[in-house]
Amino acid sequence: MPGKDRYEDDGRTIVDMSEIPHRNILFPTRIRHEERLGMPEETRNDRPWEKDTYNAKQTRWAMLGALRAGFLIFFVYFVVFGLFILGLYLLIANQMK
């Protein structure tokens, strides 16, 4: 096309990605971010958001709370869908008379 310059590769490396491991698509495993980057152990301990702060009872109640919230949302959708089907049924039943 006229007026467009073609891209030419000058061979320079912007970022070297050779140190980043490739993930296996068929058998995925968890690779911690620190292990990929090779961070020292003392740096990993400075991250309180990565530590598990719940005990077993708190974990169970958190899971039950999430399950309860999910069921509540499901129930609302179920009721709305049921009302929609009932409305369609009544509409079709009135037209058949």
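Everything in this summary refers to the structure shown in the same document. (Residues numbered from 1 in each chain as written. Predicted model: local features only at pLDDT ≥ 70, side-chain atom pairs only at ≥ 80, totals over all residues. Heavy atoms only, no water.)

## What to know about the overall build of the chain
Now for step 1: For the chain, the helix and strand inventory stands at 3 helices and 0 strands.
Now for step 2: Starting at the N terminus and walking to the C terminus, you meet the elements of the chain as α-α-α.
Now for step 3: Here the chain holds 97 residues, and 3% of them are scored as buried.
Now for step 4: Within the structure as shown, the chain displays about 10300 Å² of accessible surface, and the carbon and sulfur contribution to it stands at 63%. (Helix = DSSP H or I, 4+ residues; strand = E, 2+ residues; numbered from the N terminus. Buried < 20%, exposed > 50% of the residue type's maximum accessible area, 1.4 Å probe, protein only. Areas by Shrake-Rupley, 256 points an atom, 1.4 Å probe, with all protein chains shown as cover.)

## As for the packing of aromatic side chains
The geometry of an aromatic ring pair comes down to the distance between the two centres and the angle between the two planes.
Now for step 1: A complete count under the given rule lists 1 aromatic pair for this structure.
Now for step 2: Seen from their ring centres, Phe 74 and Phe 78 are 6.0 Å apart, and the 25° between their planes marks the pair as stacked. Placement of the pair is Phe 74 and Phe 78 together in helix H3 (residues 56-96), with a separation of 4 residues, close to one helical turn.
Now for step 3: Classification of Phe 78 by relative accessible area gives exposed; the value is 54%. (Phe/Tyr/Trp six-rings, centres within 6.5 Å; stacked < 30°, edge-to-face > 60°.)

## Looking at a nonpolar patch on the surface
Now for step 1: A cluster of nonpolar residues, Trp 61, Leu 64, Leu 67, Phe 71, Phe 74, Phe 75, Phe 78, Val 79, Leu 83, Leu 86, Tyr 89 and Leu 90, forms a patch on the protein surface that exposes about 1300 Å² of accessible area.
Now for step 2: Among the structural elements, Tyr 89 can be located in helix H3.
Now for step 3: The exposed category is assigned to Tyr 89, whose relative accessible area is 56%. (Patch = residues over 30% accessible without salt bridge, like charges linked within 9 Å, V, L, I, M, F, W, Y side chains within 5 Å. Salt bridge = Lys/Arg side-chain N within 4 Å of Asp/Glu carboxyl O.)

## Brief notes about H3
Now for step 1: With 41 residues, H3 extends 59 Å between its outermost C-alpha atoms, agreeing within 8% with the 60 Å of an ideal straight helix rising 1.5 Å per residue.
Now for step 2: In terms of burial, H3 is a largely surface element, 0 of the 41 residues being buried.
Now for step 3: The distance from a side-chain oxygen at the start of H3 to the backbone nitrogen of Lys 57 is 3.3 Å, and the residue carrying that oxygen is Asn 55. (Expected span 1.5 Å × (residues − 1). Polar contact = N/O pair within 3.5 Å; in protein donor to acceptor, adjacent residues only side chain to side chain.)

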